[in-house]
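# Analysis of the macromolecular model
Below are the chains, spelled out letter by letter.
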Amino acid sequence: MLRHLSGLPISLIEKTRLFLTRDALHLWGIDDNQGCAMSLRTLLLTATAGLALATQALAFEPLTIIDQGSFSAGGTVTTQPGTFDNRRPMDTAGQTFHGDHAYASYQVPEAPRSLPLLLWHGAFQSGKSWETTADGREGFQTLMLRHHFPVYIIDQPRRGRAGNSAVAAEVSPMAFDQLYFDMFRIGQWPAYFDGVQFDASEETLDEFMRSVTPNTGAFDPEVVSEGVSALVDRIGPSILITHSQAGGPGWLTAIKNPGVRAVISYEPGSGFVFPESDLPDPMSGAAGTLEPVAISDADFDKLTQIPILVYYGDNIPEEPTNLFGLDNWRTRLAMARLWVDAINARGGDATLVHLPEVGVTGNTHFIFSDLNNGQIAEMAATWIEEKGLGDPAQ
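### What to know about the nonpolar core
F140, Y266, L303 and W339 are the most contacted members of the largest nonpolar core, which totals 92 residues. Considering every element that reaches this core, the biggest residue donor is helix α11 (residues 324-345), with nine residues. Non-local contacts of Y266, meaning those with residues more than four positions away in its chain, are made with W130, F140, I241, T242, H243, S244, Y311, I367, F368, I376 and A380.

### Quick look at the pattern of salt bridges
By the definition in use, this model includes 18 salt bridges. One salt bridge connects D297 with R346, and the closest N-O pair in it is separated by 3.2 Å. Of this pair, D297 sits in helix α10 (residues 297-302) while R346 sits in the loop between α11 and β17 (349-354), placing them 49 residues apart in sequence. Given the relative accessible area of 23%, D297 is considered partly exposed. Residue K302 pairs with D299 through a salt bridge whose shortest N-O separation is 3.4 Å. Residue K302 and its partner D299 are located together in helix α10, separated by three residues, close to a single helical turn. Residue K302 is classed as partly exposed on the basis of its relative accessible area of 42%. Overlapping salt bridges, with partners in common, bring together E222, E226 and K256 in one network.

### What about the packing of helix α8 (residues 221-235) against helix α9 (residues 247-256)?
Remark: α8 packs on α9, axes separated minimally by 9 Å, with the N-to-C direction vectors making an angle of 50 degrees. Considered as vectors, α8 and α9 are oriented oblique to each other. Here α8 runs over α9; the crossing is right-handed. Residue-level inspection shows P221, E222, V224, S225, E226, V228 and S229 of α8 in contact with α9, the latter providing P249, L252, T253 and K256. The residue makeup of the contact of α8 with α9, split by class, is five nonpolar, three polar and three charged.

### Side note on unusual backbone geometry
For the peptide bond that leads from W189 to P190, omega is 5 degrees, which places it in the cis range. Along the chain, P190 falls in the loop between β8 (187-188) and β9 (191-192). The phi torsion at H148 lies on the positive side, around 70 degrees, for a residue other than glycine. For H148, a relative accessible area of 34% corresponds to the partly exposed category. Unlike most non-glycine residues, R158 shows phi in positive territory, near 70 degrees. In this structure, R158 sits in the loop between β7 (151-155) and α6 (177-183).

### Regarding the pairing of strand β10 (residues 238-243)
In terms of burial, β10 is largely enclosed, as six of its six residues are buried. Side chains S238, L240 and T242 project from β10 onto one buried face, and the interleaved I239, I241 and H243 project onto a second face that is buried too. Across four bridges, the pairing between strand β6 (residues 117-120) and β10 is parallel. Counterpart to L119 in the pairing with β10 is I241. One ladder, built from six bridges, connects β10 with strand β11 (residues 260-266); its direction is parallel. Counterpart to S238 in the pairing with β11 is V260. Read from β10 through α9 to β11, the crossover connection turns out right-handed.

Cut-offs applied
Residues numbered from 1 in each chain as written. Predicted model: local features only at pLDDT ≥ 70, side-chain atom pairs only at ≥ 80, totals over all residues. Heavy atoms only, no water. Core = buried A, V, L, I, M, F, W, Y, C linked by side-chain atoms within 4.5 Å. Buried < 20%, exposed > 50% of the residue type's maximum accessible area, 1.4 Å probe, protein only. Helix = DSSP H or I, 4+ residues; strand = E, 2+ residues; numbered from the N terminus. Contact = heavy atoms within 4.5 Å. Salt bridge = Lys/Arg side-chain N within 4 Å of Asp/Glu carboxyl O. Axes fitted to C-alpha atoms, helices over the stretch in contact; angles between N-to-C directions. Parallel < 35°, antiparallel > 145°, perpendicular 65-115°, else oblique. Left-handed = near helix turned anticlockwise from the far one by under 90°. Nonpolar A, V, L, I, M, F, W, Y, C, P; charged D, E, K, R; others polar. Pairing = 2+ DSSP bridges. Right-handed = clockwise from strand over helix to strand, strands pointing away.

Pasting the structure below:
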């Protein structure tokens, strides 16, 4: 059983109890006689600082984890022609290759709910998206653990800790930091949006940019959805929470696997699936053309069998603009509205929440890690409970 206390070791808290005592003087290397020479001001300042640390630590309830681990699921194994020769191990003849699997790390809190959450990152990202925020606050993983959900963090095939791609790809450094700043709606480089829910310090931006990670093979919605479906097979019935690029493969995973009992999607960016009998028109903008993805009517109808919640953040223009990073999300929000309408027209249960329309402002593309992520986590947990999916495990 693990105990976490705001990232501070318990030993630090114990030491603060020694301030203003004889033990404290010895802790600082001062004997009783020398202690008299220490100014009262110095003593009080030191004690105040120590007690402040303890107070900060104790402001957070301890989080008890009863189980944790990690594993891979799905993927392929290929064998090279020939026979393996132990004397020539650098020759690939007869050797095997494991690749295109998905990876998950997980934690289970005390008194867990019955359905775990599977947190699936977006483009240029890995499972790190859901961990500690760039400015050092508790990430969505920890917040949902505090809501007593078991949490599984995914690295999709050909990304992060599932990087053993079965297809070759060239990984080259790409100087795109300013593109990300604009595309993720932190602002328009170099200016931050007024009221943006993102800490504007240089340290935070530096940490955020270091979360970027490349594909190790071509992004393939079928490959990644197969990998995540294999995770669901191993985990059991689950709630899928997707971000950005994972939106499209998330729908495919829910279609393939009835173990997906609900989907929450934060700013799905592509892969909007529609019944082939009722496709909307493509949408063009400064970032290119967004095409709907045709699937069979039967597969689309599977999405009407589960509750779905879609969120979009702030600073998305209503009218076309030549600003690439902003217009990109204008078309995606518009397509998402059509997609939700198509689900509901067939008897489904899909909801789109554009946060500014409900009074929640300033959110970036990374809604779940923004400064108000505690509020965002509370909204997600409340919706899950309203759908009757938040019961405690038996």
